[in-house]
Amino acid sequence: MNLVELMRYTSDEESAEKYLKEQGILKSFHECPYCHGLRINRVRRVKYKCYTCNREWGVRRDSILEGLRVPFTKFLIAIKLFEIDTSVREAAKQLGLAYNTVYNIHTLIRKAILATDSDASSFSGEIEMDESYFGGEERGGVAGVRQGKSRCSGSWNEVARSR
Ligand SMILES: [Zn+2]
C-alpha cells in the first residue's frame, strides 16, 4: 500500500475496516459464532447481533485486533510506519498513541507476518524476499532454515516484501 492508497483507506473507520476485512485481518461474519444462526446484523457501529440467540460480538472478535483499543485508521497508519522502519517512539509520536500501545502493535504485526509465513506453502521464487526481510546475508542462516516455506499472503506479504 502506498501513501495515496493509505489516505483513501484511512479516510474513515468504515473504509479502514473494509480494507482490513479484504486482507483477512478482520474476520467477515456471515453467521453467529454462538448458534450459527444466519440472521445477524450490525448494531451500534462496532458490533454484530444475532437475532436468533440475541447475543452480540465485536467486529474485532477472532482477529489479531481483538483486545487492541486503537481505531482501525490508526492501525493502518501504524502498519505503514512499521513498513518504512519508523521507530516505536517516533510512530507513537506521529500517531498520538502511547509508546506501549505502538510497541504492542509492532509485536502483533511481526507475529502476523510470521504466522502467515509459516502457514503458507512452498514457493521458492520468494526466498529472496525472506532474506531481505531477515536482514540479508549476515542472517542467512535464519533465512536458510526458512527456505521452502517462505510465502506470505495479503497485506503481510506486502509488509514483509517492502522491508
Ligand atoms: Zn446466535
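Residues numbered from 1 in each chain as written. Predicted model: local features only at pLDDT ≥ 70, side-chain atom pairs only at ≥ 80, totals over all residues.

J.: Which parts of the structure should I look at to understand the pairing of strand E2 (residues 47-50)?
T.: Side-chain positions along a regular strand alternate between the two faces of the sheet. Of the strand pairs in this sheet, strand E1 (residues 40-43) and E2 are connected by 4 bridges, and their pairing is antiparallel. Directly across from Asn41, in E2, lies its bridge partner Lys49. Between E1 and E2, which follow one another and run antiparallel, lie 3 residues, and Arg44 among them has a positive phi close to 45°. Note that E2 and strand E3 (residues 56-58) share 3 bridges and pair antiparallel. Within E3, the position partnered with Lys47 by the bridge is Gly58. If you look at the hairpin formed by E2 and E3, you'll find 5 residues sitting between the two strands, and Asn54 has a positive phi there, around 65°. (Pairing = 2+ DSSP bridges. Helix = DSSP H or I, 4+ residues; strand = E, 2+ residues; numbered from the N terminus.)

J.: Can you walk me through the packing of helix H2 (residues 13-22) against helix H3 (residues 72-83) in this structure?
T.: Axes are the key here: two packed helices are described by the angle between their axes and the distance separating the axes. Where H2 meets H3, the closest approach of the two axes is 8 Å, and the angle between their N-to-C directions is 55°. For the element pair H2 / H3, the angle class is oblique. Each of Glu13, Ala16, Glu17, Tyr19 and Leu20 in H2 lies in contact with H3, whose residues at this interface are Phe72, Thr73 and Leu76. (Axes fitted to C-alpha atoms, helices over the stretch in contact; angles between N-to-C directions. Parallel < 35°, antiparallel > 145°, perpendicular 65-115°, else oblique. Contact = placed C-beta atoms within 7 Å.)

J.: Even after reading the chapter, I still don't get the packing of H3 against helix H4 (residues 88-95), so can you show me in this structure?
T.: For the pair H3 and H4, interaxial distance at closest approach is 10 Å and the crossing angle is 145°. By crossing handedness, the relation of H3 to H4 is classed as right-handed. Only Ala91, Gln94 and Leu95 of H4 make contact with H3, whose side of the interface consists of Lys74, Ile77, Ala78 and Leu81. The residue makeup of the contact of H3 with H4, split by class, is 5 nonpolar, 1 polar and 1 charged. (Left-handed = near helix turned anticlockwise from the far one by under 90°. Nonpolar A, V, L, I, M, F, W, Y, C, P; charged D, E, K, R; others polar.)

J.: In this structure, what is going on with H3? I would like to understand it.
T.: Helical geometry note: an α-helix holds 3.6 residues per turn, so side chains three or four residues apart project in the same direction. With 12 residues, H3 ought to run about 16 Å at 1.5 Å a step, and its terminal C-alpha atoms sit 17 Å apart, in line with that. Of all 12 residues in H3, 9 are buried, a share of seventy percent or more. Here H3 has its buried residues at Phe72, Thr73, Phe75, Leu76, Ile77, Ala78, Ile79, Leu81 and Phe82. In the segment just after H3, Asp85 is the residue with positive phi, at about 65°. (Expected span 1.5 Å × (residues − 1). Buried ≥ 20, exposed ≤ 12 C-beta atoms within 10 Å, placed from the backbone.)

J.: What should I look at first to understand the confidence of the model for the protein in this one?
T.: Regions with low pLDDT should not have their predicted coordinates read in detail. Looking at the protein as a whole, its pLDDT mean stands at 80, while 72% of the residues score no less than 70. Residue range residues 121-153 is modelled with pLDDT below 50. Its contacts to residues more than four positions away, or to other chains, number 36 contacts. (pLDDT = per-residue confidence, 0-100.)

J.: Is there a simple way to explain the sheet that holds E3 in this structure?
T.: Taken in spatial order, the 3 strands make up an open sheet running E1-E2-E3, and their pairing is antiparallel. The open sheet has two free edges, formed respectively by E1 and E3, since each of these has just one partner strand. Adjacent strand axes in the sheet meet at a mean angle of 30°, parallel and antiparallel pairs treated alike.

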